[in-house]
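Geometric and topological summary
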Amino acid sequence: MVDLPNPIPILNAANAVNLAQEIINGKVSIHHTMLDPFTSLTQFEMTSMDSNLALQSYEWNLESYVSDGYWQVVDSGSGGAEAVAAFGGVFDGLSTQHRLNVTVELLDLENNTLVNASRTYAYEMAQVTFVTRDTVSLAPLAGTELQIATESGQLFIQSATTNSDGTKPAWFKPGSYSVYASSPDYQSSAVGFATSVEEPQWVYINMTSTESGLVGSISGQVVNQNDEPIAGASVRISGGEQTNGYFASAVTNSAGEYVISNISKTASNGQPIPSFIMEASASMHSTVVREEVIVLAGLDRAENFRLNEVIYTEGVIYESSFEDGLGGWEATGMWHLEALPGNSLYNLLVEGGYVAFAPDELSDFAYLPQAIHGNFVWWYGEADTGTFIGTQREGDYPLSGGMSVSSNDGTLTSPPISLSDASNPQLDLQTWWEIESVNPNSNGFDLMHIAISQDGENFITVRTLNPYVDPNDSDRDAKPFSSAGFNRMPVWANETLDLSSYAGSEIRIRFTFSTIDSLYNGFRGWVIDNLRVVDISYDEVSPSLASGKVKATKSEAFMKQHRLPLVQPNATQQTTERENRENNY
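The notes below deal with the structure included here. Since we're looking at a predicted model, the values are computed, not measured.

**Here we look at the overall build of the chain**
Tallying secondary structure elements over the chain gives 4 helices and 38 strands in all. When burial is assessed residue by residue, the chain has 49% of its 585 residues classed as buried. Across the chain, the fraction of contacts at a sequence separation of at least 24, relative to all contacts at a separation of at least 6, is 73%. Carbon and sulfur atoms make up 49% of the accessible area of the chain, which totals about 26,300 Å².

Given below as structure tokens:
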């Protein structure tokens, strides 16, 4: 034995063995595919990347991540000599993280010896639940056929049908896809979506029946300049003069997502609405207005918004969340201050069967809203019924919409507000409302007016909140029209009005509610909170982009319809059908 002047350290020898083993392990290639996204089955292919190493046998197990560093084995198997080993493993569909552990026996063809290799292959799968529903009633559509396409347009071979509740789970590699839906008696629909492993996702597919005509829906996401979702953002849609401004609204969820369904492409006069205007806004963020938005009949289209954070410079001229009593406000009719800390009052006529429950209500009762700020709001309605029906007529019958003994109306008038030192004053308030859906159009029932006076006596109506659009549903006597749209649960909406034409003067603001007649009065009425008059200017953090587009400049037509005071007639006209019904009961 020869004594080496510098013996090889044992540690280095061990490292060399480990390195050699890592090289052998690296000769094994694994990749995965999802042939059928509607099952939690992953297809694996395993090969040797070295032509001198032939796969002889293998054993594997599949683990899914549970929590706190714990992985659970959910499937396992083995196989023999194959040029390409193909096998499938079922993962835990509730988990997004998975790993395949493989032990492989390889034959060294040059030395005719066996060597072992091992690999751990980690991958992620996003969980998506598709929800198919009628775009008008929001009723689930069971048996809807779904087919998936990749971003490049390649279709998956496998399709699936929705369950009895209209849902179907699926799993995807993170990326962008499209889902195509078809159901008997409904127009086919397509929705694009992007998957993420951050949290389970819900993709709503709103489908339009062949009898509903030209109706579509819009969905999307609202994010800030860093592409972070904005929860609680308001998204509204308008048909301009054809719908009297905004006629439907939505509020984004925690993921910044919204859906506005049941968008009719036909105005109340039967004329087509060629395009729409959309507005997205959020507190301390810029407001983005998108004009010439095309709604696709029978389809859902995506419209995403990016709202930049803004630095406001504003002088508060007047503000009240109505926590300190009347404060100089004057009220007539059913207008009154009401404490609404949350889930305290609800519509008793829904419970009595006179009014229908909107299909997207989140509670078991048709509650009045929780106050935006503090506890108190101004409300046109009465606490004993949760509606503005007043005295209910004897002989009223189920699903009538609620019949009153007589019509009712009332006004809510602000104290004097001085704009003497203002240069760019603006009215800003939160409003929540629910009225009838039979004639919320240009005939005008359950009217909601905003009026302004410069002398305290003569008030001019400058804004009407009623949506001048007839819902596309012949059976709507008992169904509501709300700040969220036809047959939808009301949402708080931010209403603004440019008061710059009144700068230098003193004004009073009046809110008027009038049923006009005694029909369809079993709804929750009009709620106002957090009213402010401010002299405002602001700077954006950075240029505003949305869906790859520069923020639209507000056109003169938009400003006239949605921001500037616009004198509107108070005259209304009853229909013969309503007159006959009112007189016959």
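**Some thoughts on the pairing of strand 4 (residues 70-79)**
Summarising the sheet, strand 3 (residues 53-67) and strand 4 pair through 9 bridges and their orientation is antiparallel. Among the inter-strand pairings, Asn 61 is bridged to a residue of strand 4, identified as Ser 76. From the end of strand 3 to the start of strand 4, which pair antiparallel, there are 2 residues, and Asp 68 there has a positive phi angle of about 50°.

**Brief notes about the nonpolar core**
In terms of nonpolar packing, the biggest core is built from 45 residues, with Trp 335, Leu 499, Phe 511 and Trp 526 touching the most fellow members. Of all the secondary-structure elements, those providing two or more residues to this core are helix 2 (348-351), strand 26 (376-380), strand 29 (425-436), strand 30 (447-453), strand 35 (506-514) and strand 36 (525-540). Not counting residues up to four positions away in its chain, the partners in contact with Leu 499 are Leu 419, Pro 425, Gln 426, Leu 427, Ile 452, Ile 507 and Val 533. Among the nonpolar cores identified, the runner-up in size contains 23 residues, and Tyr 258, Ala 267, Ile 273 and Phe 276 belong to it.

**Here's the deal with the sheet that holds strand 19 (residues 276-281)**
Spatial strand order, 17-16-19-20: 4 strands in an open sheet with antiparallel pairing. Sheet topology places strand 17 (246-251) and strand 20 (288-293) at the edges, where each strand pairs with a single neighbour. The sheet shows a mean angle of 20° between the axes of neighbouring strands, direction not considered. Pairing geometry for strand 16 (residues 234-238) and strand 17, over 5 bridges, is antiparallel. In the strand pairing of strand 17, Ile 237 is matched with Ala 248.

**As for the environment of Gly 456**
Take Gly 456: it is sitting in the loop between strand 30 and strand 31 (460-464). Given a relative accessible area of 28%, Gly 456 falls into the partly exposed group. As for Gly 456 and Arg 510, which are separated by 54 residues in sequence, their C-alpha atoms are 10.0 Å apart.

**Considering the packing of aromatic side chains**
Inspection of the entire model under this criterion finds 29 aromatic pairs. Their ring planes at 20° and their centres at 6.4 Å tell us that Trp 329 and Phe 511 sit as a pair that is stacked. Placement of the pair is Trp 329 in the loop between strand 23 (310-320) and strand 24 (330-331) and Phe 511 in strand 35, with a sequence separation of 182 residues. Across the pair, Phe 511 and Trp 329 agree in class, each one buried. Cluster of aromatic residues (ring-pair linked, three or more members): Phe 322, Trp 329, Trp 335, Trp 378, Tyr 380, Phe 388, Phe 511, Phe 513 and Trp 526. The ring centre of Trp 71 lies 4.2 Å from the NZ or CZ of Arg 99, which sits over that ring. Sitting over the ring of Phe 459, Arg 510 keeps its end group 3.9 Å from the ring centre.

Reading the values: rules and limits
Residues numbered from 1 in each chain as written. Predicted model: local features only at pLDDT ≥ 70, side-chain atom pairs only at ≥ 80, totals over all residues. Heavy atoms only, no water. Helix = DSSP H or I, 4+ residues; strand = E, 2+ residues; numbered from the N terminus. Buried < 20%, exposed > 50% of the residue type's maximum accessible area, 1.4 Å probe, protein only. Contact = heavy atoms within 4.5 Å. Areas by Shrake-Rupley, 256 points an atom, 1.4 Å probe, with all protein chains shown as cover. Pairing = 2+ DSSP bridges. Core = buried A, V, L, I, M, F, W, Y, C linked by side-chain atoms within 4.5 Å. Axes fitted to C-alpha atoms, helices over the stretch in contact; angles between N-to-C directions. Phe/Tyr/Trp six-rings, centres within 6.5 Å; stacked < 30°, edge-to-face > 60°. Lys NZ or Arg CZ within 6 Å of the ring centre and 35° of its normal.

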